[in-house]
Amino acid sequence: MINLLALVAAILAGSAVLLLVLGLNRLLPGSAVDERLEAYATMSMPLAPAGDGEGRPALDERLNSYLSRRGLTGRIAADLARADVRLTVIEFLLIKLLALVVPWALLWVLTGQPLTGLLLGAIGFFLPDAYVRLRRRRRSQEFALQLPDTLALIVSALRAGFSLQQAMLNVSKEAPEPTATEFRRLSQEVQLGVPLITALEGMVRRVDSPDLEMIVSVFKIHARVGGNLAQVLDTVSTTIRERVRLRREVQVITAQQRYSSYVLGVLPLALALILFVLNPDYMLGMFQWNIFLCIPVGAFTMSVIGFLVIRKIVAIKI
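Residues numbered from 1 in each chain as written. Predicted model: local features only at pLDDT ≥ 70, side-chain atom pairs only at ≥ 80, totals over all residues. Heavy atoms only, no water.

Applying the stated criterion across every chain, the model contains 2 cavities of 30 Å³ or more. Volume-wise, the largest cavity comes out at about 50 Å³. In terms of lining, the largest cavity is formed by L147, T150, L151, I154, F183, L200, M203, L212, I215 and F219. Among the secondary structure elements, those contributing two or more residues to the lining of the largest cavity are helix 6 (114-159), helix 9 (196-207) and helix 10 (210-225). Here the lining of the largest cavity takes 4 residues from helix 6, the largest share from any one element. Residues of the lining of the largest cavity, tallied by class, amount to 9 nonpolar, 1 polar and no charged. (1 Å grid on protein atoms, 1.4 Å probe; cavity = no way out; pocket = protein on both sides within 12 Å on 5 of 7 lines; lining within 4 Å. Points joined across faces, edges and corners; volume = space filled by probe spheres on them. Helix = DSSP H or I, 4+ residues; strand = E, 2+ residues; numbered from the N terminus. Nonpolar A, V, L, I, M, F, W, Y, C, P; charged D, E, K, R; others polar.)

Below, the structure written as structure tokens:
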């Protein structure tokens, strides 16, 4: 038992030291050019490497660069950008690692069962991914709901005599979040010399909205053939507004089924935790390496399958 406690203490101490080193590296002076351009560069435009006289990059930046060259961070970086999570890929991976190690080590000490701690650690390992997906989905939904009003602002500015860039700058000042942030970034990219279409394509990759893709297609067609952009955007705004109304109606109709999926997914886990607190010996008997191990594994698997099936049924695309 003493050796086990020493092992767990060493793991926790190493994790604390790792976080301390990462925090100190974040405080070191990095490239001033990178820091200024990072908030405005599109996802498709990598930043130029800093020279020797512009400061030594931090540890996590060097690790990010190393993994990026091997194609290991593109998807994670895109998900973090779409969710507007201000973390580097290395920081995000460290959080996932700590969410795996710390619950596993603590539960191993408390119960003496490494398998139980490993299951809890596996859940903690995937919690950051679930948080990023939830934040990304909510941000995309909020942006889609604000699109009709955003187009109305652009159309009003165009009919008042403003240029398209000025109209988008006006949106960044008048629109709510997250639309204001995205159009502010778009305007700053254009001011830094990024072509408007390229900046719009970067916004599409960050927001991941089909309605926004349709609007960007309108801008591309107008850039090639011209025409009355305000009238076209007004028509598109009416179409998107009707689609938003239908989405809300579908959400109301399928609310009961969606909440049923949440109950189905959470209730078995909550009941297992309650029984574990009331009678831990009874629950630990099912996590031994014997035939009874199939009971919790099968229950967890069937709960996940039921949750996914219900979510698939109520996922009506409009």
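Continuing now.
This part covers helix 9. The terminal C-alpha atoms of helix 9 lie 16 Å apart, and with 12 residues this matches the ideal 16 Å at 1.5 Å per residue to within 8%. D208 sits one or two positions beyond helix 9 and adopts a positive phi of about 60°. (Expected span 1.5 Å × (residues − 1).)

A full pass over the atoms with the stated rule returns 3 aromatic pairs. Seen in terms of ring centroids, F125 and F126 are 5.3 Å apart; in terms of plane orientation they differ by 85°. Their pairing is edge-to-face. Overall, the relative accessible area of 27% leaves F125 in the partly exposed class. Here the aromatic rings of Y262 and F307 are separated by 6.4 Å at their centres, their planes lie at 35°, and the arrangement is tilted. (Phe/Tyr/Trp six-rings, centres within 6.5 Å; stacked < 30°, edge-to-face > 60°. Buried < 20%, exposed > 50% of the residue type's maximum accessible area, 1.4 Å probe, protein only.)

Geometric values such as these leave the question of function open.
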